[in-house]
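What follows is the residue order along each chain.
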Amino acid sequence: MEYRRFGRLGWQVSEVGYGMWGIAGGEGGWSGADDATGQEALEESIRGGCNFFDTAWIYGRGHSEELLGKLLERHPEEQLYIATKIPPKDRKWPSTRDSRLADVFPEDHILEYTRKSLEGLGTESIDLLQFHVWEDSWADDRSWQDPIRRLKDEGVVKGVGISVNRWEPTNVLKTLDTGLVDSVQVIYNIFDQAPEDELFAACQERDIAVIARVPFDEGTLTGTLTHDTTWPEDDWRSSYFVPENLHASVDRADALKKVVPADMTMPELALRFILQHPAVSTVIPGMRSVRHVAANLGVSGAEPLSAELYAELRRHRWDRTPTAWSQ
């Protein structure tokens, strides 16, 4: 496993981290998760050198944090970095231009969910506490700044991050100027290249870490979806891959398949594209089995893609705007 510096916090984190959304299951999550398989996958990731784990209270309503808490108990000798997220109080993903900070992240809510996460993880401090939605219009509001400063001053929180809304990578730029943000989590993949336009340079200039999420475009960039793919009604993907999105996604994935090298899988290509950008500190694919862990962690340290292939991948950029189904 190769490691990268996590911005000004200075941590050395595995360039392939662990995205925990799909592993916890529960309402609003991914179907098919079970704890035994998840724990096996987590253990395999430790063996493979992974030391960065990204979760959120909403993943299983605290269950994902509890799974990580057990992992920490089993590996007290390991330096493992845990990132979690405060859910919006109004339970709306994403926030909108009309969202009020007082309704989404009031001070008492920030403190309450910090305590909940500490309890679930079984730790005295949180490495990285992230806001799970964001509006840049909130940047100068002291009602989030003051509790965050206090949590950091008290050592309860070591770093603070923003998880930006889907397809809104610039909806955080003003907030970066507050000096309170240590990392930004953003969707970045072969299709979603917009973070390169402004966000990455802003983060590099301020020495802010970048966490690249959704590397496989919710499954599209694994190359396994078809026009007939369906999910159980309680699976989040059933509401995301509405016909409008599923058909367009599959068509674009099919076009991309034509340029995947014979000795490479599409998921490997997707991860290597992301890691080629120097602004990226870590990429966090969801990994629900030992097989997934072995395949994804195995990409670390691979040679850079050829200039010709990288240029071809850049032509597959797909700029999208938030919709009623994009969440």
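Calculation criteria
- Residues numbered from 1 in each chain as written.
- Predicted model: local features only at pLDDT ≥ 70, side-chain atom pairs only at ≥ 80, totals over all residues.
- Heavy atoms only, no water.
- Pairing = 2+ DSSP bridges.
- Helix = DSSP H or I, 4+ residues; strand = E, 2+ residues; numbered from the N terminus.
- Buried < 20%, exposed > 50% of the residue type's maximum accessible area, 1.4 Å probe, protein only.
- Right-handed = clockwise from strand over helix to strand, strands pointing away.
- Expected span 1.5 Å × (residues − 1).
- Arc of directions from axis to C-beta.
- pLDDT = per-residue confidence, 0-100.
- Salt bridge = Lys/Arg side-chain N within 4 Å of Asp/Glu carboxyl O.
- Axes fitted to C-alpha atoms, helices over the stretch in contact; angles between N-to-C directions.
- Parallel < 35°, antiparallel > 145°, perpendicular 65-115°, else oblique.
- Contact = heavy atoms within 4.5 Å.
- Nonpolar A, V, L, I, M, F, W, Y, C, P; charged D, E, K, R; others polar.

### Focus: the sheet that holds strand 10 (residues 282-283)
Then step 1. Strand order across the open sheet formed by eight strands is 3-4-5-6-7-8-9-10, with parallel pairing between neighbours. Bordering the open sheet on either side are strand 3 (18-19) and strand 10, each of which pairs with just one other strand.
Then step 2. As paired strands, strand 6 (residues 126-131) and strand 7 (residues 157-163) are joined by five bridges and run parallel to one another. Looking at strand 7, one finds that Leu 128 is bridged to Gly 159.

### So, the pairing of strand 8 (residues 183-187)
Then step 1. Buried residues dominate strand 8, accounting for five of its five residues.
Then step 2. Of the two faces of strand 8, the one carrying Ser 183, Gln 185 and Ile 187 and the one carrying Val 184 and Val 186 are both buried.
Then step 3. Looking at chain direction, strand 7 and strand 8 are connected through three bridges and run parallel. By the bridge assignment, Ile 162 is partnered in strand 8 with Val 184.
Then step 4. Sheet topology places strand 8 next to strand 9 (residues 209-213); five bridges connect them, and they run parallel. Paired with Gln 185 across the bridge in strand 9 is Ile 211.
Then step 5. Traced from strand 8 through helix 8 (residues 199-206) to strand 9, the parallel crossover comes out right-handed.

### A few points about helix 10 (residues 243-257)
Then step 1. Taking 1.5 Å of rise per residue, 15 residues should cover 21 Å, and helix 10 covers 21 Å from first to last C-alpha, within 8% of that figure.
Then step 2. By the burial criterion, the buried members of helix 10 are Asn 245, Leu 246, Ser 249, Val 250, Ala 253 and Leu 256. Looking straight down helix 10, one finds its buried side chains confined to an arc of 120°; they lie on one side. Turned more than 90 degrees away from the buried face of helix 10, the exposed residues are Pro 243 and Glu 244.

### Here we look at the confidence of the model for the chain
Then step 1. Looking at the chain, the pLDDT average stands at 95 and 97% of residues meet or exceed 70.
Then step 2. The least confident element of the chain is helix 1 (residues 21-24), whose mean pLDDT is 76; the most confident is strand 9, at 99.

### What to know about the pattern of salt bridges
Then step 1. Enumeration according to the criterion identifies 27 salt bridges in this entry.
Then step 2. The partner of Lys 158 in a salt bridge is Asp 127, with the nearest N and O atoms 3.4 Å apart. A residue pair is termed long-range when its members are at least 10 positions apart, and Lys 158 in strand 7 and Asp 127 in strand 6 qualify at 31 residues.
Then step 3. Given a relative accessible area of 45%, Lys 158 falls into the partly exposed group.
Then step 4. Its salt-bridge partner being Asp 177, residue Arg 206 comes within 2.7 Å of it at the nearest N-O pair. Residue Arg 206 is located in helix 8, and its partner Asp 177 is located in the loop between helix 7 (173-176) and strand 8; the two are separated by 29 residues in the primary sequence.
Then step 5. In this structure, a network of salt bridges that share partners links the residues Arg 8, Lys 152 and Asp 182.

### Looking at unusual backbone geometry
Then step 1. For the peptide bond that leads from Trp 93 to Pro 94, omega is -5°, which places it in the cis range.
Then step 2. Positioned with a positive phi, Arg 61 is a non-glycine residue whose angle comes to about 50°.
Then step 3. For Arg 61, a relative accessible area of 40% translates into the label partly exposed.
Then step 4. One non-glycine residue, Glu 218, lies in the positive phi region at around 60°.
Then step 5. If you trace the backbone, Glu 218 turns up in the loop between strand 9 and helix 9 (236-240).

### Focus on the packing of helix 3 (residues 63-74) against helix 5 (residues 107-121)
Then step 1. The geometry of helix 3 relative to helix 5 is characterised by a closest axis approach of 7 Å and an angle of 45° between their N-to-C directions. When the axis of helix 3 is compared with that of helix 5, the two are oblique. Two secondary-structure elements touch here, helix 3 through Glu 65, Glu 66, Leu 68, Gly 69 and Leu 72 and helix 5 through Lys 116, Ser 117, Gly 120 and Leu 121.
Then step 2. Broken down by class, the residue content of the contact of helix 3 with helix 5 amounts to three nonpolar, three polar and three charged.

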